[in-house]
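Examining the three-dimensional arrangement
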Amino acid sequence: MYPQAQIWREKSLARSRIRCLLAHDHVLLRQGLRRLLEDEPDLEVVAEAASVAEALQIALEHRPEVVVTDTRVFGLAADQVEQLILRASPQSKVVFLTAREDDGAVPPSPAEGTNSAPRQTSAQELVEMIRRASSREKAIVREMPRTGLDSPPLPEPPRRVLTARERQVLELLAEGKTVRSAAAILGLSVKTVDAHKFNLMRKLGLHNKAELVMWAIQKRIVKLPANF
């Protein structure tokens, strides 16, 4: 093949690649997925993210065709995760990796325009899911308004001041950390962090971790992109 033809072919291939963002807090899993996807000539991993804030910032900057993630990273139901991602990158499609039932994750709920990979899904099946997600008609993509989340705001609790430690715990939980990992980061016992979590939900009038995460996002406790 002539050099000019080779250059043209490589540019054409690059333009046709499906650009993916991997959002997961497990480093080894992300690295494994990256190697898997980059072995495919039509797939490209543009970036990785380990937290809610990173995923939204990267989605806003790179506008990937497909975001591969897990609801556990966000601590929210699948439809709420989809809303946040589409608000940052309206044309992206979302493919969820199904979480284990016993790891405290929020299970995916049915949502238009999303795919969820069952636990028995093979590597090739996941690749095909990404291709199918990317090839969907634009008409079914739900574009989210940039002025606010579609979900109604959580009820405003009575004004109660959070302690510095409670705010630290809230930030870590809202970024997708588990109680155990938050305890390790803060140098506290799991029991102590769990007590802070309970006090936070009582003070804020919330009932579960998903509501806690959504409240933190709405109040910008989590560091979100400037244009979000």
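Residues numbered from 1 in each chain as written. Predicted model: local features only at pLDDT ≥ 70, side-chain atom pairs only at ≥ 80, totals over all residues. Heavy atoms only, no water.

What about the environment of Asp-25?
Our working definition: Under the scheme used here, helices are H or I runs from DSSP no shorter than 4 residues and strands are E runs no shorter than 2 residues, and both carry numbers assigned from the N terminus. Contacts are assigned to residue pairs that have any heavy atoms within 4.5 Å of one another. Two N or O atoms form a polar contact when they lie within 3.5 Å of each other; inside protein one atom must be a possible hydrogen donor and the other a possible acceptor, and for residues adjacent in sequence the pair counts only when both atoms belong to side chains.
Tracing the chain through its elements places Asp-25 in the loop between strand 1 (18-23) and helix 2 (27-38). Sequence separation of Asp-25 and Glu-175 is 150 residues, and the distance between their C-alpha atoms is 9.9 Å. Sequence-distant contacts of Asp-25, defined by excluding residues within four places in its chain, comprise Arg-30, Ala-50, Arg-72, Val-73 and Gly-176. Here His-24 takes part through its side chain, which lies 3.3 Å from a polar atom of the side chain of Asp-25.

Things to note about the pattern of salt bridges
Quick reminder of the rule: The working definition used for a salt bridge is a side-chain nitrogen of Lys or Arg within 4 Å of a carboxyl oxygen of Asp or Glu. We call a residue buried when its accessible area falls under 20% of the maximum for its residue type, exposed when it is over 50%, and partly exposed in between, using a 1.4 Å probe and counting protein chains only.
By the definition in use, this model includes nine salt bridges. A salt bridge links Glu-48 to Arg-30, with the shortest nitrogen-to-oxygen separation between them at 2.8 Å. A residue pair is termed long-range when its members are at least 10 positions apart, and Glu-48 in strand 2 (residues 43-49) and Arg-30 in helix 2 qualify at 18 residues. The partly exposed category is assigned to Glu-48, whose relative accessible area is 22%. With a relative accessible area of 11%, Arg-30 lands in the buried category. In the salt-bridge network here, residues are joined through shared partners; they are Arg-30, Arg-34, Glu-38 and Glu-48.

Remarks on unusual backbone geometry
Positive phi outside glycine occurs at Arg-63, with the angle close to 45 degrees. Backbone geometry at Arg-220 places phi at a positive 60 degrees, although glycine is not the residue there.

Brief notes about the UniProt feature "modified residue: 4-aspartylphosphate" (unreviewed entry) in the chain
Worth spelling out the cut-off: UniProt positions are given in the numbering used here, feature names are shortened, and annotations may be inferred rather than shown by experiment.
Annotation from UniProt places "modified residue: 4-aspartylphosphate" (unreviewed entry) at Asp-70. Looking at the secondary structure, you find Asp-70 in the loop between strand 3 (66-69) and helix 4 (71-74). You can call Asp-70 buried: its relative accessible area is 5%. A polar contact of 3.4 Å, which involves the side chain of Asp-70, links it to the side chain of His-24.

Structural notes on the packing of helix 8 (residues 179-186) against helix 9 (residues 190-204)
So the rule is basically this: A fitted line through C-alpha atoms represents every axis, and for helices the fit uses only the stretch in contact; the resulting angles, taken between N-to-C directions, go from 0 to 180 degrees. By the definition adopted for this analysis, an angle is roughly parallel if under 35 degrees, roughly antiparallel if over 145, roughly perpendicular if from 65 to 115, and oblique otherwise. Crossings are assigned a handedness: left-handed for a near helix turned anticlockwise from the far helix by less than a right angle, right-handed for a clockwise turn. Asp, Glu, Lys and Arg are counted as charged, while Ala, Val, Leu, Ile, Met, Phe, Trp, Tyr, Cys and Pro are counted as nonpolar; the rest, among them Gly, fall into the polar class.
Two numbers describe how helix 8 lies on helix 9: the axes approach to 8 Å, and their chain directions differ by 110 degrees. Accordingly, the angle class assigned to the pair helix 8 and helix 9 is roughly perpendicular. Helix 8 and helix 9 meet at a crossing whose hand is right-handed. Here helix 8 contributes Val-179, Arg-180, Ala-182 and Ala-183 to the contact with helix 9, which in turn contributes Val-190, Val-193, Asp-194 and Lys-197. Class assignment of the residues belonging to the contact of helix 8 with helix 9 gives a composition of five nonpolar, no polar and three charged.

Focus: the pairing of strand 2
As a general feature of sheets, a regular strand has side chains that alternate between the two faces. Rule in force here: DSSP calls a pair of strands paired once it identifies at least 2 bridges connecting them. The definition of a right-handed crossover adopted here requires that, viewed with the strands pointing away, the path from the first strand over the helix to the second runs clockwise.
Most of strand 2 sits out of view: five of its seven residues are buried. With six bridges connecting them, strand 1 and strand 2 associate as parallel partners. Bridge pairing links Leu-22 to Glu-48 in strand 2. With helix 2 bridging strand 1 and the parallel strand 2, this β-α-β connection has right-handed handedness.

Describing the confidence of the model for the chain
The cut-off we apply is this: The score called pLDDT rates the predictor's confidence residue by residue, from a low of 0 to a high of 100.
For the chain, per-residue confidence averages 76 on the pLDDT scale, and 71% of positions sit at 70 or higher. Ranking the elements of the chain by mean pLDDT puts helix 1 (residues 3-16) last, at 51, and strand 1 first, at 95. Below pLDDT 50 for its whole length, residues 5-12 participates in two contacts with residues either more than four positions away or in separate chains. Low pLDDT, under 50, characterises residues 138-151; the stretch is placed with 34 contacts to residues that sit more than four places away or in other chains.

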